[in-house]
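Now for the letters of each chain:
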Amino acid sequence: MLELALKGSKKYYGWMTALLAVIGVGFGCYLWQLSFGLGITGMSRDVSWGFYIAQFTFLVGVAASAVMLVLPYYLHNYKAFGKITILGEFLAVASVTMCLLFIIVDLGQPMRAFNVILYPTPNSILFWDMIVLNGYLFLNIVIGWQVLEAERNGVAPPAWVKPLIYISIPWAVSIHTVTAFLYCGLPGRGFWLTAILAPRFLASAFAAGPSFLILLCLLVRKLTRFDPGKEQIQTLAKIVTYGIILNVFFLLCEVFVVFYSKIPEHMDHMKYLYVGLHGHGVLVPWMWTSVALMVLSIILLVNPVTRTNEAVLSIACICVFFGTWIDKGLGMISGGFVPSPLHHVIEYVPTIPEIVITLGIYATGFLILTALFKMAISVKEELSA
Amino acid sequence: MENSRRTFLKIAGISALGLSAKPVLNAFAVSEHGGKKEAQVLTKKGALAAKRWAMVIDTRKLESAKDLEPVIEACHKIHNVPVFENKRHEIKWIWEEEFKHTFPDLENEYLNDRLKKLPFLVLCNHCTDAPCVRACPTKATFKQEDGIVEMDFHRCIGCRFCMAACPYGSRSFNFRDPRPFIKETNKKFPTRMKGVVEKCNFCTELLAEGKMPACVEASTGAIAFGDLENPESEVRKLLKSNYTIRRKVALGTGPAIYYIV
């Protein structure tokens, strides 16, 4: 089926070439980082994880796009989603690939990455994260590929795919949970030390993943002859609505606990993010933008008049996506490191090469996503022709 | 043709999976059946040994930054710690902090003048239940039987999970090649490469030769070092006769550095 991704219009080739160019520049910067060390990034002794790990955390959420289609279709027999589950699964493949790339570029000694397998350490959450992420990638590639191939050949998918599909549902929950456990089990990092971190990650994932999928569906309808369907998009919109409301609710729970208990170790991180601490507050405007975007999206999504209007819905989805991106892709990681455990306020700002490498990985994700979507949609177009 | 290629890929895939699963299974197998340990620790004759190494820092004897300087210098010199201009790349094994940063949970607006101005030495606490050991995905950071939290610089993948896990900010990362920034290389201790984490090792390499840690020697009596489980040891005597505090005890990590204040 891969051949379907090799044939395309001039526009398709143009887009792919542009992505390859971005990947090339990003890779160039990565080679620089490889030879110099992570010193070319903005990270420091005090903020030892930065943009890369934050993007990884956010993209684990986007990978939830798959389960939000698979679950209603296979467990609740919601037939409408059958048409587009493949899009969710392929978006998950692209997202998890980006996650893994972000972890690799964040390693100081990437050539030793296999030490995680050579010296397996079950008490380290990173060990489990490696298992759940690779497992989820594997599941979605196999399931997506088999189901699409069967659809193309006009036969039912092989019977052994069914159990994999059922496994993929709790597995999707595990990737967010384990990723949250990376942070929330650390003593002395008050910002993350909260049992609601995993539920928060799930809620923001169920908002960010499907909202991006809606945008992709609208784009697919515009650019190809395949229509993901009005009903499908509306059902996804409802899922996004629940997801983003839960996300904001969990955030408010956090705000209450932190500011009512007034325990400095927990409160100071929140203060740093939303009002600034000891005169430092580089993220303050970002965090309030995030709040504004999430609140605006809730207003637009809850109201059926605006939600059913696809033009407004797309704006709401952009708000959800960027609102949750700022929340997780900017605030979540830096916020946990500032102030430091010794209560120094040392801020973090990513450097240009760090951002270029990040863009390179995003371009890789989009390249994979475009190729996989091209394949899936070509099959759908073939069948309807 | 098509078929055999598929079969080949299938077999190759399964064997790759099998090969990578083997060490994972080993790890579980060892812990369950108490099988043979992979590595054995050899002790040199005359080496200093303890059940649980610990340190007592008498801050009454370290009054100013000038008193701390030789202590820090001694450690950083023998361990080939580089000096960077850029604060972000900074590496430190032992350094000075104010009271409010050393003990942020004991912050006190009306602290007496002596403590307010006093510089405190901070270093790895070699915790009883070390969060960094728990977090490390490769066992590059591990706990020795004598309580020392030790690192294998050659196994570390530079994921910096240990740095996020440490509640004392005791760990540094080599953000760039440190070697050009070492003033004078001590050939008896390894230099590090870029991309790995490092921290105080309680001078295990000196203990193995029967010598006390460098900071203890340089402190001229202000820092005591000994076996916490031996009631006759110097640290136990000091703990018995002085009021001491440790950093962030509420976290339950069990720091092995005690401060007489």
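Residues numbered from 1 in each chain as written. Chains lettered and ligands numbered in written order. Predicted model: local features only at pLDDT ≥ 70, side-chain atom pairs only at ≥ 80, totals over all residues. Heavy atoms only, no water.

Trainee: For the overall build of chain B, give the residues involved together with the corresponding values.
Mentor: Counting its regular elements, chain B contains 9 helices and 10 strands. Overall, the C-alpha framework of chain B stretches about 85 × 45 × 40 Å when taken along its three principal axes. Counting across all 261 residues of chain B, residues that qualify as buried make up 49%. Within chain B, counting contacts between residues at least 6 apart in sequence, those at least 24 apart form 66% of the total. As displayed, chain B offers around 14,000 Å² of accessible surface, 56% of which is attributable to carbon and sulfur atoms. For chain B, the distance from the average site of its 42 positive side-chain charges to the average site of its 32 negative ones is 6 Å. (Helix = DSSP H or I, 4+ residues; strand = E, 2+ residues; numbered from the N terminus. Buried < 20%, exposed > 50% of the residue type's maximum accessible area, 1.4 Å probe, protein only. Contact = heavy atoms within 4.5 Å. Areas by Shrake-Rupley, 256 points an atom, 1.4 Å probe, with all protein chains shown as cover. Lys, Arg positive; Asp, Glu negative; His and termini not counted. Charge placed at Lys NZ, Arg CZ, Asp CG, Glu CD.)

Trainee: I'd like a description of the overall build of chain A, backed by residues and values.
Mentor: Each helix and strand counted, chain A has 14 helices and 0 strands in total. In sequence order, chain A lays out its α and β elements as α-α-α-α-α-α-α-α-α-α-α-α-α-α. On C-alpha atoms alone, chain A measures out to a radius of gyration of 21 Å, which is about the 21 Å that the 2.2 N^0.38 rule sets for 385 residues. Seen through its principal axes, chain A has C-alpha atoms that stretch 65 × 50 × 40 Å. Long-range contacts, defined here as pairs at least 24 residues apart, represent 78% of the contacts in chain A between residues at least 6 apart. Both charge centroids of chain A, one from 22 positive and one from 18 negative side chains, sit 7 Å from each other. (Rg over C-alpha atoms; globule rule 2.2 N^0.38 Å.)

Trainee: Residue-level account of the side chain of Asn-115 of chain A, with values.
Mentor: Here Asn-115 of chain A lies in helix α5 (residues 115-118). Aside from chain neighbours lying at most four places away, what touches Asn-115 of chain A is Thr-138, His-154, Arg-155 and Ile-157 of chain B.

Trainee: Could you give an account of the state of the cysteines, with specific residues and numbers?
Mentor: All names here are of chain A. Using the criterion set out here, one finds 0 disulfides over all chains in the structure. With no disulfide partner, Cys-253 has as its closest neighbouring cysteine sulfur the one in Cys-184, 16 Å distant. For Cys-253, a relative accessible area of 26% puts it in the partly exposed group. (Disulfide = S-S within 2.5 Å.)

Trainee: Which residues make up the domain arrangement of chain B, and what values go with them?
Mentor: Segmenting chain B into domains produces domain 1 (1-35) and domain 2 (53-260). A C-alpha centroid distance of 42 Å is found between domain 1 of chain B and domain 2 of chain B. (Domains from an automatic or database assignment.)

Trainee: Can you lay out the interface of chain B and chain A for me, pointing to particular residues and giving the numbers?
Mentor: Contacts between chain B and chain A engage 52 residues on the former and 44 residues on the latter. Taking both partners together, chain B and chain A bury about 4,100 Å²; carbon and sulfur atoms supply 58% of that area. The largest contributions to the chain B side of the interface with chain A come from Ile-157, Phe-161 and Phe-175 of chain B, which together make up 16% of the buried area. Between the two partners, chain B and chain A, sit 1 salt bridge. Measuring nitrogen to oxygen at the nearest pair gives 2.6 Å for the salt bridge that ties Asp-106 of chain A to Arg-160 of chain B. Put simply, chain B and chain A have 29 residue pairs in polar contact (both at pLDDT 80 or more) between them. Contributions of two or more residues to the side of chain B that touches chain A are made by α1 (2-33), β2 (94-97), α5 (131-135), α6 (161-165) and β6 (172-173) of chain B. Per-element accounting of the side of chain B that touches chain A gives the leading share, 6 residues, to α1 of chain B. (Buried area = accessible area lost by both parts, 1.4 Å probe. Salt bridge = Lys/Arg side-chain N within 4 Å of Asp/Glu carboxyl O. Polar contact = N/O pair within 3.5 Å; in protein donor to acceptor, adjacent residues only side chain to side chain.)

Trainee: Tell me about the pattern of salt bridges, residues and numbers included.
Mentor: Residue and element names in this part refer to chain A. Summed over the entire model, instances satisfying the criterion amount to 17 salt bridges over all chains. Salt-bridge contacts for Glu-151 lead to Lys-380; the nearest nitrogen and oxygen are separated by 3.3 Å. In this pair, Glu-151 is assigned in helix α6 (residues 125-153) and Lys-380 in helix α14 (residues 352-384), connecting sequence segments 229 residues apart. For Glu-151, a relative accessible area of 29% gives the class partly exposed.

Trainee: How would you sum up the packing of helix α4 (residues 85-106) of chain A against α6 of chain A? Please name residues and give values.
Mentor: Relative placement of two packed helices is described by the angle separating their axes and the distance separating the axes. All names here are of chain A. At their nearest, the axes of α4 and α6 sit 9 Å apart, and the two run at 150° to each other. In terms of orientation, α4 lies roughly antiparallel with respect to α6. Relative to α6, α4 is oriented so that their crossing is left-handed. Here Ile-86, Glu-89, Phe-90, Ala-92, Val-93, Val-96, Thr-97, Leu-100 and Ile-103 of α4 come into contact with α6, specifically with Leu-133, Asn-134, Tyr-136, Leu-137, Asn-140, Ile-141, Ile-143, Gly-144, Trp-145 and Leu-148. Looking at the contact of α4 with α6 residue by residue, the classes come out as 14 nonpolar, 4 polar and 1 charged. (Axes fitted to C-alpha atoms, helices over the stretch in contact; angles between N-to-C directions. Parallel < 35°, antiparallel > 145°, perpendicular 65-115°, else oblique. Left-handed = near helix turned anticlockwise from the far one by under 90°. Nonpolar A, V, L, I, M, F, W, Y, C, P; charged D, E, K, R; others polar.)

Trainee: Describe the pairing of strand β1 (residues 53-58) of chain B, with residues and values.
Mentor: Residues and elements named next belong to chain B. Burial analysis of β1 places 6 of its 6 residues in the buried class, the great majority of the element. Bridging between β1 and strand β8 (residues 223-227) involves 5 bridges; their strand directions are antiparallel. Across the sheet, the residue bridging to Ala-54 is Gly-226, located in β8. (Pairing = 2+ DSSP bridges.)

Trainee: Any chance you could break down helix α2 (residues 51-62) of chain A for me, citing the residues and the numbers?
Mentor: All names here are of chain A. With 12 residues, α2 should reach 16 Å at 1.5 Å per residue; the first-to-last C-alpha distance of 16 Å fits that figure. With respect to burial, α2 is a largely interior element, 12 of its 12 residues being buried. For α2, every residue scored as buried is listed here: Phe-51, Tyr-52, Ile-53, Ala-54, Gln-55, Phe-56, Thr-57, Phe-58, Leu-59, Val-60, Gly-61 and Val-62. (Expected span 1.5 Å × (residues − 1).)

Trainee: For the environment of His-269 of chain A, give the residues involved together with the corresponding values.
Mentor: Residues and elements named next belong to chain A. For His-269, the location among the structural elements is in helix α10 (residues 264-274). Here His-269 falls in the buried class, since its relative accessible area comes to 4%. With residues near it in sequence (within four places) discarded, His-269 still touches Gly-190, Phe-191, Gly-335, Gly-336, Val-338 and Pro-339.

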